[in-house]
Amino acid sequence: MSTERPDERWGTRLRDLAEEAPRALPDPALWDRGRRYARLRRGGTAAVAALGVLAVVAVGAVSWQRAAPPAQLAPASAPAAMPDRLYDPSPWLTGTEEEGPLGQLAAIIPAERGSWTGKETEIVGVSATTGEYRFLDLPRQADVGVALSPDGRHVAYWATGETTESPNLRDGGALPPAGVAIYDSVTGRVELHDIATAHGLMASDLVWADLSTLLVNYAQYRGGEGDPDMDRSLGRNVPWQVLRLGGELRELGSPLDDGDVWGGGDGVVVMSGSGRNVGRWLVDPARPRQPQRLRLDRGSFVPPRVSPDRRRIAGVPGNRAPNRLAVADLSGDGRSAFEPVPGSRRTLEVIAWNDEEHVVVLRHDRDEVGMYYVTVVETAVESGEQRDLVVVPPDLANSPQFALDLLGGPIVEAVEPPDPMDPRVVVGLSGGAVVAAGAGILVWRRRVQP
Amino acid sequence: MSSPDRAGFEEFVAARRGALLRTAYLLTGGHEDAEDLVQVALVKVVPHWHRISDRPEPYVRRVLARESVSRWRRRRWREVGAAEPPEVAAPAHDLAEREMLRRALLSLAPRQRAVVVLRYYEDLTERQTAETLGISVGTVKSQARDGLARLRTLVPDQRGDRADTLRP
């Protein structure tokens, strides 16, 4: 029997076979060929790495270019003016916390703001001086309504805060409103007015009667977390409050304290009354106990606006919009009749009076492909002659709020805001370019042959 | 790279090229292919010589063995092997037996062939074989077992048997 183990036998057989191998011949060129191979390998590696760097730079360049502020921006010292159109803001615009306040605003627009984890609805301001768009970083902002002052210098909003008992949490666990805040768009300062509340405020209205007087309406939630659903969904009415800039929140003191505010203008508001005060009333917050009854021939209309001299009122009568614009004279003793304004059938809403003869309305228009959009239009109440002021893109509908005092002034060519890339896409593309370059280098170094 | 590196490399090649050719011949089954494989492996070693010059053998063997596997994948060489396993009563002539073993070796998959050559010709341990080829020890064991089993089928070991029968 063989004394070799099986594996040793195979080793012997293989060594025997290996004797047939070719004889070794000298090859002095091997070293030089090796050097050339090394250069080829390094060159390919450098080329792939350069391509990767180029791709990252290209992504960065595109991202920078899309995020760069427009070259046509006016300086901050330019006079305030209304732009002739609004744009749908990008979710990736910068904010005032990062870039500073915008100054006097021409408009504010509710818009989705992007983040690494998703999107939330916030407020974009449009500067009346530079034309820039920027998200307004409003401290403690509750996710309910905001109101832009007529001069565009202040934004009123509901602020979250402490409750004395269990809070009435909103969707997603957000805290309820517990106060009112006023943001100064020029200085960036915020006036915060906390309101004592057990469970939070059922926010209702924020209405600027003039550029320094804010009317506030809310109810107090009856219950918070852990309380019965009925209590959590109901509120206890609170009389209308008034807040003057730099002052304190206090009761308006109007006998119509449970009514709705139906627009107004130039220091007065139109309020509805109930019970023995049923009807429409003109209320001056400076003299709240002396409201003026409005004797109108129409019972229902889209919220009206009072002329600067308080002699006329404009609105869209009826329960539907768009409809015809109509104006009523308040100076007579009898019931005021609404007279239709010629050529105004597509009026959605009256938002301001520019002077005693011209109102500003939202008009319902349709573009060449049938998409509905809104145009802010100045209309002469006698002739119906119209002058387009601001075009609002379809996606924004009638959600923007305008600095009403600027609608009677110059209209300037709007500057399109930047459209920054989603930073997650930038990181993804850049990371992808780096990974691809790394993989390319690996493949090159493995595959390259001498 | 400096002249001492070049001199060291050329000295190594002069000393070890024959041994490398023998290994390469077992891995490729042909003279031209063996010479080509050794050349390519040595050229690929040059860029790394300054790191390995103190002990180049393991790295050179690694490049040689891995190149023998990867070049097959690139070129899909189809070595000529025996279509049928030989009859049990094989010819006793050494040349014929060598040829049968050569063809049987070529009938193995390139990585399996490399495992057999490294384990039983180069006498590497299972771990050393695994490190050389960049595979697990378990794979070395299974490839070696399967490789030898196929070789036994194709090229039965006659000498051991004859020695048994001849002994009184």
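Think of each chain on its own: its residues are numbered from 1, step by step along the sequence as written. Following the order in which they are written, the chains are lettered starting with A and the ligands numbered starting with 1. Given that this is a predicted model, residues contribute local features only at a pLDDT of at least 70 and side-chain atom pairs are listed and counted only at 80 or more, while totals for whole chains, interfaces and linings are drawn from all residues. To obtain the side-chain values, all non-hydrogen atoms of the structure were included, while hydrogens and water were left out.

Caption draft 1: The arrangement of the overall build of chain A in detail. A run of H or I in DSSP counts as a helix once it spans at least four residues, and a run of E counts as a strand once it spans at least two, with each numbered from the N terminus. Counting its secondary structure elements, chain A contains 5 helices and 27 strands. For the radius of gyration, the atom set is restricted to C-alpha positions; the globular benchmark scales as 2.2 Å times the number of residues to the power 0.38. Taking 2.2 N^0.38 as the reference for a compact globule, 450 residues should give roughly 22 Å; the C-alpha atoms of chain A span a radius of gyration of 35 Å, well beyond that estimate. Seen through its C-alpha atoms, chain A measures out along the principal axes to roughly 130 × 55 × 40 Å. Exposed residues in this analysis have more than 50% of their type's maximum accessible area, buried residues have under 20%, and partly exposed residues fall in between, with area computed by a 1.4 Å probe over protein chains only. Across the 450 residues that make up chain A, the buried fraction comes to 46%.

Caption draft 2: The interface of chain A and chain B, seen in detail. Two residues form a contact once any of their heavy atoms are found within 4.5 Å. Opposite the 33 residues of chain A that make contact, chain B presents 47 residues. Here the quantity called buried area is the total loss of accessible area, with a 1.4 Å probe, experienced by two parts when brought into contact, counted for both. Roughly 3800 Å² of surface becomes buried between chain A and chain B when both sides are summed, with 62% attributable to carbon and sulfur atoms. Salt-bridge detection follows one rule: a side-chain nitrogen of Lys or Arg within 4 Å of a carboxyl oxygen of Asp or Glu. Joining chain A to chain B, the criterion identifies 4 salt bridges. For Arg98(B), the salt bridge is made with Asp16(A), and the minimal N-O distance between the two is 3.1 Å. When residues of the side of chain A that touches chain B are traced back to their parent elements, those giving at least two are α1 (6–18) and α2 (30–67) of chain A. It is α1(A) that provides the largest number of residues to the side of chain A that touches chain B, a total of 10 residues. When residues are sorted by character, Ala, Val, Leu, Ile, Met, Phe, Trp, Tyr, Cys and Pro go into the nonpolar class, Asp, Glu, Lys and Arg into the charged class, and all the rest, Gly among them, into the polar class. Tallied by class, the residues present in the side of chain A that touches chain B amount to 16 nonpolar, 4 polar and 13 charged.

Caption draft 3: Up close: helix α8 (residues 137–154) of chain B. Residue and element names in this part refer to chain B. One fewer than the residue count of a helix, multiplied by 1.5 Å, yields its expected span. The first and last C-alpha atoms of α8 sit 26 Å apart over 18 residues, in line with the 26 Å expected at 1.5 Å per residue. Of the residues making up α8, those classed as buried are Val 140, Gln 143, Ala 144, Gly 147, Leu 148, Leu 151 and Leu 154. Here the buried residues of α8 occupy an arc of 125 degrees about the axis, which is enough to place them on one side. Among the exposed residues of α8, those pointing more than 90 degrees away from its buried face are Arg 145 and Thr 153. Think of it as the arc spanned by the lines of direction from the helix axis to the C-beta atoms.

Caption draft 4: Looking closely at the pattern of salt bridges. Taken as a whole, this structure holds 28 salt bridges over all chains when the rule is applied. Between Arg13(A) and Glu97(B) there is a salt bridge; the shortest N-O distance is 3.5 Å. Of this pair, Arg13(A) sits in helix α1 while Glu97(B) sits in helix α5 (residues 94–106), on two different chains. Each member of the pair Arg13(A) and Glu97(B) is classed as buried. With its nearest N and O atoms 3.1 Å apart, the salt bridge here joins Glu10(B) to Arg6(B).

Caption draft 5: The arrangement of the environment of Leu325(A) in detail. Residues and elements named next belong to chain A. Mapped onto the elements, Leu 325 comes out in the loop between β19 (312–317) and β20 (326–329). For Leu 325, a relative accessible area of 0% corresponds to the buried category. Between the C-alpha atoms of Leu 325 and Val 341, which are 16 residues apart in sequence, the distance is 5.6 Å. In contact with Leu 325, not counting residues within four places along its chain, are Ala 314, Gly 315, Glu 339, Pro 340, Val 341, Ser 344, Thr 347, Val 350, Val 359, Val 361 and Thr 379.

Caption draft 6: How the structure looks around the sheet that holds strand β7 (residues 177–184) of chain A. Residues and elements named next belong to chain A. Strand pairing is assigned whenever DSSP detects at least two bridges linking the two strands. Strand order in this open sheet of 4 strands is β5-β6-β7-β8, and the pairing throughout is antiparallel. The open sheet has two free edges, formed respectively by β5 (141–148) and β8 (190–194), since each of these has just one partner strand. When strand polarity is set aside, the average angle formed by the axes of neighbouring strands in this sheet is 20 degrees. Summarising the sheet, β5 and strand β6 (residues 154–160) pair through 4 bridges and their orientation is antiparallel. If you follow Val 146 over to β6, its bridge partner there is Tyr 157. To obtain an axis, a line is fitted to C-alpha atoms, over the contacting stretch when the element is a helix, and the angle between two such axes runs from 0 to 180 degrees between their N-to-C directions.

Caption draft 7: Spotlight on the packing of aromatic side chains. When the centres of two rings from Phe, Tyr and Trp lie within 6.5 Å, Trp using its six-membered ring, the rings pair. Their planes under 30 degrees apart give stacked, over 60 give edge-to-face, and anything left gives tilted. For the structure shown, the criterion picks out 5 aromatic pairs over all chains. Here the aromatic rings of Phe12(B) and Trp49(B) are separated by 5.6 Å at their centres, their planes lie at 50 degrees, and the arrangement is tilted. Residue Phe12(B) is located in helix α1 (residues 3–28), and its partner Trp49(B) is located in helix α3 (residues 49–52); the two are separated by 37 residues in the primary sequence. Here the two residues Phe12(B) and Trp49(B) agree in accessibility, since each one is buried. Clustering of aromatic rings is evident, with ring pairs tying together Trp31(A), Phe9(B), Phe12(B) and Trp49(B). A ring has a charge above it when a Lys NZ or an Arg CZ is no more than 6 Å from the ring centre and no more than 35 degrees off the ring normal. Between the NZ or CZ atom of Arg85(A) and the centre of the ring of Tyr87(A), over which it lies, the distance is 4.1 Å. Taking the ring centre of Tyr120(B) as reference, the NZ or CZ of Arg119(B) above it sits at 5.4 Å.

Caption draft 8: Broad picture of the nonpolar core. Core analysis: the largest hydrophobic core is formed by 56 residues, its most contacted members being Leu14(A), Phe9(B), Leu26(B), Leu42(B), Leu105(B) and Leu151(B). Here this core gets 9 residues from one element, more than from any other, and that element is α1(B). Ranked by size, the runner-up nonpolar core spans 42 residues in total, among them Leu102(A), Ile123(A), Ala181(A) and Leu406(A). Here, nonpolar core refers to any group of buried Ala, Val, Leu, Ile, Met, Phe, Trp, Tyr and Cys residues whose side-chain atoms link them within 4.5 Å.

Caption draft 9: Quick peek at the sheet that holds strand β22 (residues 347–355) of chain A. All names here are of chain A. Strand order in the open sheet formed by 4 strands is β22-β23-β24-β25, with antiparallel pairing between adjacent strands. Strands with a single pairing partner mark the edges of an open sheet, and in this sheet they are β22 and β25 (386–392). Across the sheet, the mean angle from the axis of one strand to that of its neighbour is 30 degrees, orientation sign disregarded.

Caption draft 10: Region of interest: unusual backbone geometry. Phi angles above zero are rare outside glycine, and Arg310(A) is one such case at about 60 degrees. Tracing the backbone through its elements, the reader meets Arg310(A) in the loop between β18 (301–306) and β19. For Arg310(A), a relative accessible area of 32% puts it in the partly exposed group. For Asp123(B), which is not a glycine, the phi torsion comes out positive at approximately 60 degrees. Tracing the backbone shows Asp123(B) in the loop between α6 (110–121) and α7 (126–133).

Caption draft 11: How the structure looks around the side chain of Ser127(A). Relative to the helices and strands, Ser127(A) is located in strand β3 (residues 118–127). By the criterion applied in these results, polar contacts are pairs of N or O atoms within 3.5 Å in which, for protein atoms, one can donate a hydrogen and the other can accept it, and in which residues neighboring in sequence qualify only through two side-chain atoms. Within polar-contact distance, the side chain of Ser127(A) engages the backbone nitrogen of Thr130(A) at 3.1 Å.

Caption draft 12: How the structure looks around the confidence of the model for chain B. Residues and elements named next belong to chain B. Confidence along chain B averages 83 in pLDDT terms, with 79% of residues attaining 70 or more. Each residue carries a pLDDT score, the predictor's confidence in it, ranging from 0 to 100. Predicted confidence for residues 77–91 stays below pLDDT 50, and this span has 20 contacts to residues more than four positions away or in other chains. The ipTM value of the predicted complex is 0.83, and its pTM value is 0.70.

Caption draft 13: Highlighting the pairing of strand β12 (residues 241–244) of chain A. Residues and elements named next belong to chain A. Of the pairings in the sheet, the one linking strand β10 (residues 213–221) to β12 comprises 4 bridges and is antiparallel in character. Opposite Leu 215, over in β12, you have Val 242 as the bridge partner. Across 2 bridges, the pairing between β12 and strand β13 (residues 250–251) is antiparallel. Note on β13: the bridge partner recorded for Gln 241 is Glu 251. In this antiparallel pair of consecutive strands, β12 and β13, the connection spans 5 residues, and Gly 246 shows a positive phi of 80 degrees.

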